[in-house]
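A closer look at the structure
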Amino acid sequence: QRVALGPQAVVLRQKASPLAAELVARIEDVLQHSPLYQMATPGGKPLSVRTTSCGTHGWSSDPTGYSYVRHHPLTDQAWPEIPAAWSALATEAAQEAGFAQFAPDTCLINQYGLDSKMALHQDRSEQDLRQPVVSISLGMSALFLWGGMQRSDKPAHVLLHHGDMVVWGGVDRLRFHGIKHLTGAPHPQLGAMRYNLTLRRAR
Ligand code: MD5
Ligand code: FE
């Protein structure tokens with residue numbers, strides 16, 4: 001089932017469900033090499049999610065701002081490769097949403113607990129903002145905030161469940177968005193936790 005959020009933004013309900021067990025197994029592999037850590041905003045406030053990356057670039061924050069870097073800030077190692085199953089699924093979802101030949105070079109892994117949230121923000125660290133972004137929700141459901149082009153635009157509330165994917169780009173690429181909180185019952189496999197995989201073209 002497709003739910004349009006905007007002219008070029010769509011929720012693909014349950015698109016990742018048939019592959020969910022495989023996707024979760026690959027999260028565990030990636031985390032072995034690329035441990036989750038708690039980033040702070042450039043202003044020094046710790047984020048309530050724990051984060052890590054894979055791909056040729058990873059998203060990170062330091063006092064000068066947000067940027068893509070080639071090494072994990074704690075281990076100093078190159079990020080592990082994006083699991084093939086994740087890239088292939090992202091390319092297919094992007095295609096379905098009208099974005100041909102999407103080839104992600106970075107995947108951000110966000111881990112949410114019951115106390116995590118993500119304030120309204122725009123994703124604008126990527127070089128080519130014509131490239132779409134693809135996200136995969138796994139684990140507990142979350143209340144997603146879908147805003148406008150201005151921080152002050154009142155956001156719509158959209159529930160994202162285990163297996164849902166979102167693709168957005170084009171005129172919707174710079175919409176403000178966030179996560180208000182997790183909701184519903186703990187997930188049978190993952191417990192009181194949500195993972196969001198966000199696949200992007202950084203460079
Ligand atoms: C998440 N992550 O669930 C959120 C939302 C991030 C981030 O926002 O930057 O790591 S998934 C992202 C999303 C879904 C639908 C639309 C937009 C973003 N958007 O318009 O940018 O961990
Ligand atoms: Fe974002």
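Notes on the structure in this doc start here. Quick caveat: nothing in here was measured; it's all calculated off a predicted structure. (Residues numbered from 1 in each chain as written. Chains lettered and ligands numbered in written order. Predicted model: local features only at pLDDT ≥ 70, side-chain atom pairs only at ≥ 80, totals over all residues. Heavy atoms only, no water.)

This part covers the pairing of strand 8 (residues 133–139). Among the 7 residues of strand 8, 7 are classified as buried, and the element is accordingly described as predominantly covered. Judged from the 4 bridges that link them, strand 8 and strand 11 (residues 165–168) form a sheet pairing that is antiparallel. Counted as the bridge partner of Ser 135 is Val 166 from strand 11. When strand 8 meets strand 13 (residues 194–200), the two strands line up antiparallel, connected through 6 bridges. Its bridge partner being in strand 13, Ser 137 is matched across the sheet by Asn 196. (Buried < 20%, exposed > 50% of the residue type's maximum accessible area, 1.4 Å probe, protein only. Helix = DSSP H or I, 4+ residues; strand = E, 2+ residues; numbered from the N terminus. Pairing = 2+ DSSP bridges.)

Before going further, it helps to examine the packing of helix 1 (residues 20–33) against helix 2 (residues 84–96). Running from N to C, helix 1 and helix 2 point in directions that differ by 130°, and their axes come no closer than 9 Å. Comparing the axis directions of helix 1 and helix 2 gives the class oblique. The residues of helix 2 that touch helix 1, namely those facing Glu 22, Leu 23, Arg 26, Ile 27 and Val 30, are Ala 85, Trp 86 and Leu 89. Each residue belonging to the contact of helix 1 with helix 2 can be placed in one class, and the counts come to 6 nonpolar, no polar and 2 charged. (Axes fitted to C-alpha atoms, helices over the stretch in contact; angles between N-to-C directions. Parallel < 35°, antiparallel > 145°, perpendicular 65-115°, else oblique. Contact = heavy atoms within 4.5 Å. Nonpolar A, V, L, I, M, F, W, Y, C, P; charged D, E, K, R; others polar.)

Right, let's get into the coordination of the iron ion (ligand 2). For a metal with four tetrahedral donors the ideal donor-metal-donor angle is 109.5 degrees, while six octahedral donors give ideal angles of 90 or 180 degrees. Protein coordination at the iron ion (ligand 2): the donors are His 121 (NE2), Asp 123 (OD) and His 177 (NE2), at 2.1 to 2.2 Å from the metal. Note on His 121: relative accessible area 22%, which makes it partly exposed. (Donors = N, O, S within 2.8 Å, 3.2 Å for Na, K, Ca; no water.)

Under the 1.5 Å per step criterion, the end-to-end length of helix 2 is 18 Å for 13 residues, consistent within 8% with the ideal 18 Å. Along helix 2, the positions that sit buried rather than exposed are Trp 86, Ser 87, Leu 89, Ala 90, Ala 93 and Ala 94. The buried residues of helix 2 occupy an angular sector of 165° when the element is viewed end-on, so they sit on one face. Within two residues after helix 2, Gly 98 carries a phi angle of roughly 100°, on the positive side. (Expected span 1.5 Å × (residues − 1). Arc of directions from axis to C-beta.)

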